[in-house]
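Inside the fold
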Amino acid sequence: MPLCLVIDPMHESLFAMMTAIGWQVDYKPTITRDEIKSIHQGYDGLIVRSKTTIDRDLFGPSPTIRLIGRAGAGLDNIDLGYMQEKGIHVLHASEGNRDAVGEYAVGALLSLLRNIPRANHQVRQQVWDREGNRGEEIMGKTVGIVGYGNMGQSFARRLSGFGCKVLAYDKYKTGFSDAFAREASMETLWSETDILSLHIPLTTETRMMVDTPYLARFKKPIVFVNTARGEIVSLSDLAAALGKGLVRGVVLDVLENEKLATLTLNQRQAFDFLAGRADVILTPHIAGWTFESHVKINVALVEKIKALQLEKKV
(Lines give C-alpha, C1' and ligand atoms only; values in the text may rest on other atoms or scores of the structure.)
Protein backbone atom coordinates (compact mmCIF):
# COMPACT_ATOMS: atom_id res chain seq x y z
CA MET A 1 0.00 0.00 0.00
CA PRO A 2 1.51 3.38 -1.00
CA LEU A 3 2.25 5.78 1.84
CA CYS A 4 1.34 9.48 1.78
CA LEU A 5 2.71 12.15 4.11
CA VAL A 6 0.29 15.02 4.88
CA ILE A 7 2.15 18.05 6.23
CA ASP A 8 -0.64 20.62 6.69
CA PRO A 9 -3.96 20.71 8.54
CA MET A 10 -6.63 19.02 6.44
CA HIS A 11 -10.32 18.26 6.80
CA GLU A 12 -10.73 14.79 8.27
CA SER A 13 -12.68 13.62 5.20
CA LEU A 14 -9.35 13.22 3.38
CA PHE A 15 -8.29 10.17 5.33
CA ALA A 16 -11.25 7.91 4.53
CA MET A 17 -11.14 8.98 0.88
CA MET A 18 -7.44 8.17 0.59
CA THR A 19 -7.93 4.82 2.30
CA ALA A 20 -10.75 4.03 -0.12
CA ILE A 21 -8.38 4.36 -3.10
CA GLY A 22 -5.68 2.28 -1.46
CA TRP A 23 -3.40 4.78 0.27
CA GLN A 24 -2.07 4.80 3.81
CA VAL A 25 -1.90 8.32 5.27
CA ASP A 26 0.64 9.62 7.78
CA TYR A 27 -0.83 12.86 9.13
CA LYS A 28 1.70 15.33 10.55
CA PRO A 29 0.12 18.81 10.33
CA THR A 30 2.64 20.48 12.66
CA ILE A 31 5.78 19.03 11.08
CA THR A 32 8.66 21.43 10.44
CA ARG A 33 10.71 21.78 7.28
CA ASP A 34 13.74 20.19 8.91
CA GLU A 35 11.63 17.26 10.06
CA ILE A 36 10.30 16.77 6.52
CA LYS A 37 13.88 16.66 5.26
CA SER A 38 14.73 13.92 7.70
CA ILE A 39 11.72 11.63 7.12
CA HIS A 40 10.48 12.07 3.52
CA GLN A 41 12.45 9.11 2.16
CA GLY A 42 10.15 6.10 1.92
CA TYR A 43 6.99 8.06 1.26
CA ASP A 44 5.27 7.72 -2.11
CA GLY A 45 3.10 10.84 -1.90
CA LEU A 46 2.95 14.23 -0.22
CA ILE A 47 -0.10 16.43 0.38
CA VAL A 48 0.54 20.08 1.16
CA ARG A 49 -1.11 23.45 1.47
CA SER A 50 1.13 26.53 1.32
CA LYS A 51 3.28 26.83 4.45
CA THR A 52 6.23 24.82 3.08
CA THR A 53 8.26 25.39 -0.08
CA ILE A 54 8.63 22.07 -1.88
CA ASP A 55 11.93 22.04 -3.77
CA ARG A 56 15.32 20.41 -4.31
CA ASP A 57 16.58 21.60 -0.94
CA LEU A 58 13.71 19.79 0.78
CA PHE A 59 13.87 16.49 -1.15
CA GLY A 60 17.49 16.21 -2.23
CA PRO A 61 18.82 14.29 -5.24
CA SER A 62 16.85 11.01 -4.96
CA PRO A 63 13.31 11.44 -3.59
CA THR A 64 11.04 8.43 -3.28
CA ILE A 65 7.96 10.64 -3.51
CA ARG A 66 6.24 10.26 -6.87
CA LEU A 67 3.18 12.42 -6.27
CA ILE A 68 2.48 15.83 -4.72
CA GLY A 69 -1.07 16.91 -4.08
CA ARG A 70 -1.59 20.64 -3.48
CA ALA A 71 -4.74 21.11 -1.40
CA GLY A 72 -5.71 24.37 -3.06
CA ALA A 73 -5.19 26.27 -6.28
CA GLY A 74 -1.78 27.95 -6.36
CA LEU A 75 1.44 26.11 -7.14
CA ASP A 76 3.84 28.95 -6.36
CA ASN A 77 5.30 27.11 -3.35
CA ILE A 78 6.30 24.12 -5.51
CA ASP A 79 9.41 24.05 -7.70
CA LEU A 80 7.78 22.66 -10.83
CA GLY A 81 11.04 22.44 -12.76
CA TYR A 82 12.56 20.20 -10.12
CA MET A 83 9.42 18.05 -9.98
CA GLN A 84 9.49 17.57 -13.74
CA GLU A 85 13.19 16.65 -13.60
CA LYS A 86 12.46 13.98 -10.99
CA GLY A 87 9.29 12.68 -12.66
CA ILE A 88 7.10 13.70 -9.73
CA HIS A 89 3.45 14.28 -10.61
CA VAL A 90 1.99 17.53 -9.26
CA LEU A 91 -1.76 17.84 -8.77
CA HIS A 92 -3.79 20.73 -7.44
CA ALA A 93 -7.43 21.15 -6.49
CA SER A 94 -8.54 24.52 -7.80
CA GLU A 95 -11.95 23.01 -8.59
CA GLY A 96 -12.43 22.59 -4.85
CA ASN A 97 -12.50 26.27 -3.93
CA ARG A 98 -13.58 27.91 -7.18
CA ASP A 99 -17.19 28.26 -6.00
CA ALA A 100 -16.06 29.92 -2.79
CA VAL A 101 -13.81 32.36 -4.68
CA GLY A 102 -16.54 33.24 -7.18
CA GLU A 103 -19.03 33.94 -4.42
CA TYR A 104 -16.55 35.95 -2.39
CA ALA A 105 -15.57 38.14 -5.35
CA VAL A 106 -19.20 39.03 -6.04
CA GLY A 107 -19.98 39.54 -2.35
CA ALA A 108 -16.98 41.77 -1.70
CA LEU A 109 -17.66 43.77 -4.86
CA LEU A 110 -21.27 44.34 -3.81
CA SER A 111 -20.13 45.34 -0.32
CA LEU A 112 -17.75 47.90 -1.78
CA LEU A 113 -20.14 49.38 -4.35
CA ARG A 114 -22.99 49.62 -1.83
CA ASN A 115 -20.85 50.97 1.04
CA ILE A 116 -21.99 48.12 3.29
CA PRO A 117 -18.97 48.00 5.66
CA ARG A 118 -19.04 51.76 6.23
CA ALA A 119 -22.83 51.93 6.60
CA ASN A 120 -22.81 49.02 9.04
CA HIS A 121 -20.17 50.76 11.15
CA GLN A 122 -22.05 54.08 11.09
CA VAL A 123 -25.39 52.63 12.15
CA ARG A 124 -23.69 50.87 15.05
CA GLN A 125 -22.43 54.33 16.03
CA GLN A 126 -26.03 55.64 15.73
CA VAL A 127 -25.28 57.56 12.52
CA TRP A 128 -28.14 57.25 10.02
CA ASP A 129 -26.74 58.57 6.71
CA ARG A 130 -28.71 57.26 3.74
CA GLU A 131 -27.52 59.82 1.20
CA GLY A 132 -23.87 59.54 2.18
CA ASN A 133 -24.10 55.81 1.56
CA ARG A 134 -25.90 55.93 -1.77
CA GLY A 135 -24.18 53.18 -3.76
CA GLU A 136 -23.70 51.87 -7.28
CA GLU A 137 -25.07 48.89 -9.18
CA ILE A 138 -23.07 46.27 -11.03
CA MET A 139 -25.70 46.38 -13.75
CA GLY A 140 -24.56 48.24 -16.83
CA LYS A 141 -20.87 48.14 -15.97
CA THR A 142 -18.08 46.34 -17.80
CA VAL A 143 -16.23 43.77 -15.71
CA GLY A 144 -12.78 42.76 -16.93
CA ILE A 145 -11.44 39.39 -15.80
CA VAL A 146 -7.74 38.60 -16.13
CA GLY A 147 -7.31 34.83 -16.17
CA TYR A 148 -10.16 32.58 -17.28
CA GLY A 149 -9.45 29.34 -15.49
CA ASN A 150 -11.48 27.81 -12.67
CA MET A 151 -11.62 30.99 -10.58
CA GLY A 152 -12.24 33.45 -13.40
CA GLN A 153 -14.98 31.27 -14.86
CA SER A 154 -16.62 30.89 -11.46
CA PHE A 155 -16.71 34.66 -10.98
CA ALA A 156 -18.08 35.23 -14.50
CA ARG A 157 -20.80 32.63 -13.98
CA ARG A 158 -21.99 34.37 -10.84
CA LEU A 159 -22.03 37.74 -12.57
CA SER A 160 -24.36 36.44 -15.28
CA GLY A 161 -27.51 37.58 -13.50
CA PHE A 162 -26.34 41.12 -12.84
CA GLY A 163 -26.85 42.60 -16.30
CA CYS A 164 -23.23 43.60 -16.77
CA LYS A 165 -20.82 43.10 -19.65
CA VAL A 166 -18.07 40.61 -18.83
CA LEU A 167 -14.80 40.59 -20.78
CA ALA A 168 -12.07 38.03 -20.12
CA TYR A 169 -8.40 38.01 -21.07
CA ASP A 170 -6.24 34.92 -20.76
CA LYS A 171 -2.74 34.93 -22.22
CA TYR A 172 -2.66 31.16 -22.52
CA LYS A 173 -6.11 30.52 -24.01
CA THR A 174 -7.98 31.36 -27.19
CA GLY A 175 -11.50 30.69 -28.36
CA PHE A 176 -12.92 30.49 -24.85
CA SER A 177 -15.88 32.88 -25.11
CA ASP A 178 -18.93 31.33 -23.47
CA ALA A 179 -22.35 32.26 -22.10
CA PHE A 180 -20.75 34.15 -19.22
CA ALA A 181 -17.83 36.11 -20.70
CA ARG A 182 -16.51 37.30 -24.04
CA GLU A 183 -12.85 36.74 -24.88
CA ALA A 184 -11.02 40.06 -25.26
CA SER A 185 -7.52 41.44 -25.61
CA MET A 186 -5.80 43.21 -22.77
CA GLU A 187 -6.01 46.38 -24.86
CA THR A 188 -9.81 46.03 -24.85
CA LEU A 189 -9.83 45.58 -21.09
CA TRP A 190 -7.68 48.68 -20.65
CA SER A 191 -10.12 50.61 -22.83
CA GLU A 192 -13.49 49.41 -21.52
CA THR A 193 -13.16 48.08 -17.98
CA ASP A 194 -15.04 49.59 -15.04
CA ILE A 195 -14.24 46.73 -12.64
CA LEU A 196 -11.09 44.60 -12.90
CA SER A 197 -10.72 41.23 -11.18
CA LEU A 198 -7.54 39.12 -11.15
CA HIS A 199 -7.71 35.31 -11.34
CA ILE A 200 -4.16 34.35 -12.36
CA PRO A 201 -1.39 32.36 -10.67
CA LEU A 202 1.77 33.83 -9.22
CA THR A 203 4.68 33.16 -11.58
CA THR A 204 7.91 34.93 -12.46
CA GLU A 205 5.93 36.57 -15.24
CA THR A 206 3.04 37.82 -13.09
CA ARG A 207 4.99 38.86 -9.98
CA MET A 208 4.47 42.64 -9.55
CA MET A 209 2.59 42.67 -12.87
CA VAL A 210 0.14 45.25 -11.57
CA ASP A 211 2.22 48.37 -11.08
CA THR A 212 1.94 52.08 -11.90
CA PRO A 213 2.31 51.71 -15.71
CA TYR A 214 -0.22 48.87 -15.76
CA LEU A 215 -2.82 50.82 -13.79
CA ALA A 216 -2.21 54.00 -15.77
CA ARG A 217 -3.27 52.29 -19.00
CA PHE A 218 -6.95 52.06 -18.03
CA LYS A 219 -9.06 54.69 -19.77
CA LYS A 220 -11.46 54.97 -16.84
CA PRO A 221 -10.94 54.90 -13.07
CA ILE A 222 -11.45 51.27 -12.12
CA VAL A 223 -12.62 49.26 -9.16
CA PHE A 224 -9.84 46.74 -8.53
CA VAL A 225 -10.39 43.26 -7.07
CA ASN A 226 -7.63 40.76 -6.25
CA THR A 227 -8.43 37.30 -4.91
CA ALA A 228 -5.45 35.64 -6.62
CA ARG A 229 -1.99 36.24 -5.12
CA GLY A 230 -0.84 39.37 -3.35
CA GLU A 231 2.62 39.40 -4.91
CA ILE A 232 1.05 40.06 -8.32
CA VAL A 233 0.27 43.62 -7.20
CA SER A 234 2.62 46.34 -5.98
CA LEU A 235 0.87 47.57 -2.84
CA SER A 236 2.58 50.95 -2.96
CA ASP A 237 1.71 51.47 -6.65
CA LEU A 238 -1.90 50.48 -6.02
CA ALA A 239 -2.14 52.89 -3.10
CA ALA A 240 -0.66 55.67 -5.23
CA ALA A 241 -3.14 54.93 -8.05
CA LEU A 242 -6.01 55.12 -5.57
CA GLY A 243 -4.71 58.41 -4.25
CA LYS A 244 -4.49 59.83 -7.78
CA GLY A 245 -7.96 58.65 -8.76
CA LEU A 246 -6.75 56.08 -11.33
CA VAL A 247 -8.38 53.49 -9.09
CA ARG A 248 -11.62 54.36 -7.32
CA GLY A 249 -12.17 51.34 -5.14
CA VAL A 250 -10.21 48.30 -3.98
CA VAL A 251 -10.94 44.78 -2.75
CA LEU A 252 -7.86 42.89 -1.58
CA ASP A 253 -8.16 39.42 -0.14
CA VAL A 254 -4.40 38.96 -0.58
CA LEU A 255 -1.43 41.23 0.06
CA GLU A 256 2.07 41.62 -1.31
CA ASN A 257 3.26 40.65 2.17
CA GLU A 258 0.70 38.83 4.32
CA LYS A 259 2.98 38.72 7.37
CA LEU A 260 1.84 42.14 8.58
CA ALA A 261 4.44 42.32 11.32
CA THR A 262 7.23 42.19 8.72
CA LEU A 263 6.04 44.86 6.28
CA THR A 264 8.76 47.05 4.82
CA LEU A 265 8.49 50.80 5.29
CA ASN A 266 6.96 51.27 1.81
CA GLN A 267 4.57 48.37 2.34
CA ARG A 268 3.57 49.72 5.76
CA GLN A 269 2.87 53.19 4.39
CA ALA A 270 0.80 51.76 1.54
CA PHE A 271 -1.07 49.39 3.85
CA ASP A 272 -1.87 52.15 6.35
CA PHE A 273 -3.14 54.38 3.52
CA LEU A 274 -5.40 51.63 2.16
CA ALA A 275 -6.59 50.57 5.61
CA GLY A 276 -7.71 54.11 6.37
CA ARG A 277 -9.99 54.38 3.33
CA ALA A 278 -13.72 53.64 3.18
CA ASP A 279 -13.36 52.72 -0.50
CA VAL A 280 -11.10 49.76 0.33
CA ILE A 281 -12.04 46.30 1.63
CA LEU A 282 -9.27 44.15 3.10
CA THR A 283 -9.71 40.52 4.16
CA PRO A 284 -7.19 37.86 5.31
CA HIS A 285 -6.97 35.50 2.30
CA ILE A 286 -10.42 33.99 2.87
CA ALA A 287 -11.92 34.03 -0.63
CA GLY A 288 -11.56 30.27 -1.06
CA TRP A 289 -11.86 29.55 2.64
CA THR A 290 -15.29 28.05 3.40
CA PHE A 291 -16.48 25.00 5.31
CA GLU A 292 -17.70 23.55 2.02
CA SER A 293 -14.47 24.17 0.12
CA HIS A 294 -12.53 22.46 2.91
CA VAL A 295 -14.23 19.21 1.86
CA LYS A 296 -14.51 19.93 -1.89
CA ILE A 297 -10.72 20.36 -2.12
CA ASN A 298 -10.22 16.87 -0.72
CA VAL A 299 -12.75 15.40 -3.14
CA ALA A 300 -11.09 17.05 -6.14
CA LEU A 301 -7.60 16.02 -5.05
CA VAL A 302 -8.46 12.40 -4.34
CA GLU A 303 -10.30 12.09 -7.67
CA LYS A 304 -7.16 13.25 -9.48
CA ILE A 305 -4.96 10.83 -7.53
CA LYS A 306 -7.37 8.03 -8.38
CA ALA A 307 -7.24 8.97 -12.07
CA LEU A 308 -3.43 8.79 -12.03
CA GLN A 309 -3.62 5.36 -10.44
CA LEU A 310 -5.99 4.14 -13.13
CA GLU A 311 -3.52 5.37 -15.73
CA LYS A 312 -0.82 3.46 -13.80
CA LYS A 313 1.29 6.58 -13.48
CA VAL A 314 1.66 6.24 -9.71
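As a convention, each chain's residues are numbered from 1 in the sequence order in which they are written. Under the rules for a predicted model, residues below a pLDDT of 70 receive no local features and side-chain atom pairs below 80 are neither given nor counted, while totals for whole chains, interfaces and linings still include all residues. Calculated side-chain values reflect all of the structure's heavy atoms, with hydrogen atoms and water omitted.

1. A look at the overall build of the chain
Counting from the N terminus, the helices are the DSSP runs of H or I reaching at least four residues and the strands are the DSSP runs of E reaching at least two. In terms of regular secondary structure, the chain is built from 12 helices and 12 strands. The principal-axis extents of the C-alpha atoms in the chain amount to approximately 65 × 45 × 40 Å. Here the term buried applies to any residue with accessible area under 20% of the maximum for its type, exposed to any over 50%, and partly exposed to those in between, with areas from a 1.4 Å probe on protein chains only. Across the 314 residues of the chain, 45% fall into the buried class. Relative to all contacts within the chain whose residues are 6 or more apart in sequence, the contacts with residues 24 or more apart total 60%. Per-residue and other accessible areas were derived by the Shrake-Rupley procedure at a 1.4 Å probe size, with only the shown protein chains allowed to occlude residues. Put simply, the chain shows about 15400 Å² of open surface, and 53% of that area lies on carbon and sulfur atoms. Residues counted as positive are Lys and Arg, residues counted as negative are Asp and Glu, and His and the chain ends are not counted. In plain terms, the charge of a residue is placed at NZ if it is Lys, CZ if Arg, CG if Asp and CD if Glu. Of the side-chain charges in the chain, 37 are positive and 36 negative, and the distance between the mean point of each set is 2 Å. Throughout, a residue-residue contact means that at least one pair of heavy atoms, one from each residue, lies within 4.5 Å.

2. Quick look at the layout of surface pockets
Here a cavity is any set of points on a 1 Å grid over the protein atoms alone where a 1.4 Å probe fits but cannot get out, and a pocket is any open set with protein on both sides within 12 Å along at least 5 of 7 lines; a residue lines the site when it has an atom within 4 Å of a point. Grid points are joined across faces, edges and corners, and a volume is the space filled by probe spheres set on the points. Counted as a void, the second largest pocket has a volume near 250 Å³. Arg 114, Ala 119, Gln 122, Val 123, Val 127, Trp 128, Asp 129, Arg 130, Glu 131, Asn 133, Arg 134 and Gly 135 are the residues that line the second largest pocket. For the lining of the second largest pocket, the per-class residue count stands at four nonpolar, three polar and five charged. Under the convention adopted here, Pro, Cys and the residues Ala, Val, Leu, Ile, Met, Phe, Trp and Tyr are nonpolar, Asp, Glu, Lys and Arg are charged, and Gly plus all remaining residues are polar.

3. A few points about the UniProt feature "domain: D-isomer specific 2-hydroxyacid dehydrogenase catalytic" (unreviewed entry) in the chain
Annotation from UniProt places "domain: D-isomer specific 2-hydroxyacid dehydrogenase catalytic" (unreviewed entry) at residues 5–306. Secondary structure within residues 5–306 divides into 38% helix and 16% strand; the distance between the first and last C-alpha atoms comes to 17 Å. UniProt positions are given in the numbering used here, feature names are shortened, and annotations may be inferred rather than shown by experiment.

4. Points about unusual backbone geometry
Trans peptide bonds make up most of the peptide bonds, and negative phi angles are found at most residues other than glycine. For Asn 115, which is not glycine, the phi dihedral falls at a positive 60 degrees. Inspection of the secondary structure puts Asn 115 in the loop between α5 (94–113) and α6 (116–124). For Asn 115, a relative accessible area of 14% gives the class buried. Backbone geometry places His 285, a non-glycine residue, at a positive phi of 55 degrees. Tracing the backbone through its elements, the reader meets His 285 in the loop between β12 (280–282) and α12 (291–310).

5. Examining the packing of helix α1 (residues 13–20) against α12
Remark: α1 packs on α12, axes separated minimally by 10 Å, with the N-to-C direction vectors making an angle of 15 degrees. When the axis of α1 is compared with that of α12, the two are roughly parallel. Both α1 and α12 take part in a crossing whose hand is right-handed. Between α1, through Ser 13, Leu 14, Met 17 and Met 18, and α12, the contact on the second element is made entirely by Val 295, Asn 298, Val 299, Val 302 and Ile 305. Taken together, the residues of the contact of α1 with α12 break down into seven nonpolar, two polar and no charged. Where helices are involved, their axes are fitted lines through C-alpha atoms of the stretch in contact, as for all axes, and angles between N-to-C directions lie from 0 to 180°. Any angle that is under 35 degrees is reported as roughly parallel, and any over 145 degrees as roughly antiparallel; angles of 65 to 115 degrees are reported as roughly perpendicular and all others as oblique. Helix crossings get a hand from a simple test, with the near helix turned counterclockwise from the far one by less than a right angle marking a left-handed crossing and a clockwise turn marking a right-handed one.

6. Here we look at the side chain of Thr 227
Along the chain, Thr 227 falls in the loop between β10 (222–226) and α10 (235–244). Looking at Thr 227, the relative accessible area reads 10%, which means it is buried. Discounting residues that sit within four places of it in the chain, Thr 227 has contacts with Val 101, Tyr 104, Leu 198, His 199, Asp 253, Val 254 and Ala 287.

7. What about the nonpolar core?
Residue types Ala, Val, Leu, Ile, Met, Phe, Trp, Tyr and Cys, when buried and joined through side-chain atoms within 4.5 Å, form a set referred to as a nonpolar core. Judged by nonpolar contacts, the single largest core of 33 residues is most densely connected at Leu 196, Leu 198, Tyr 214, Phe 224 and Val 247. At the level of elements, α8 (186–192), β9 (195–198), α9 (212–216), β10, α10, β11 (247–252) and α11 (265–275) are the ones that each hand at least two residues to this core. If you tally residues by element for this core, the top one is α10, at five residues. Look past the residues within four positions of Leu 198 in its chain and what remains in contact with it is Val 146, Val 210, Phe 224, Val 225, Asn 226, Thr 227, Ala 228, Ile 232 and Val 233. In this structure, Val 106, Leu 113, Tyr 148 and Ala 181 belong to the second largest nonpolar core, which totals 27 residues.

8. Notes on the domain arrangement of the chain
If you check the domain split of the chain, you get domain 1 (3–92 + 292–308) and domain 2 (98–282). Centre-to-centre separation of domain 1 and domain 2, based on C-alpha positions: 32 Å. The interface is formed by six residues belonging to domain 1 together with five residues belonging to domain 2. Broken down residue by residue, the surface that domain 1 buries against domain 2 is led by Ala 73, Asp 76 and Lys 296, which jointly contribute 72%. The salt bridge criterion pairs a side-chain nitrogen of Lys or Arg with a carboxyl oxygen of Asp or Glu, the two atoms within 4 Å. Where domain 1 meets domain 2, there are two salt bridges. When the shortest N-O distance is used, the salt bridge between Asp 99 and Lys 296 registers 3.1 Å. Under this definition, polar contacts are N or O atom pairs within 3.5 Å; protein pairs additionally need one hydrogen-donor-capable and one acceptor-capable atom, and for neighbouring residues in sequence, both atoms have to be side-chain atoms. Taken together, the connections running from domain 1 to domain 2 amount to two residue pairs in polar contact (both at pLDDT 80 or more). Grouping the amino acids of the side of domain 1 that touches domain 2 by side-chain chemistry returns one nonpolar, two polar and three charged. Domains are outlined according to an automatic or database domain assignment. Here the quantity called buried area is the accessible surface, traced with a 1.4 Å probe, that two parts lose on coming together, added over both.

9. Observations regarding the pairing of strand β3 (residues 45–48)
The alternating pattern of β3 places Gly 45 and Ile 47 and Leu 46 and Val 48 on opposite faces, both of which are buried. The pairing criterion is simple: DSSP has to find at least two bridges between the two strands. With three bridges connecting them, strand β1 (residues 3–6) and β3 associate as parallel partners. Counted as the bridge partner of Leu 5 is Leu 46 from β3. Sheet topology places β3 next to strand β4 (residues 67–70); four bridges connect them, and they run parallel. Counted as the bridge partner of Leu 46 is Ile 68 from β4.

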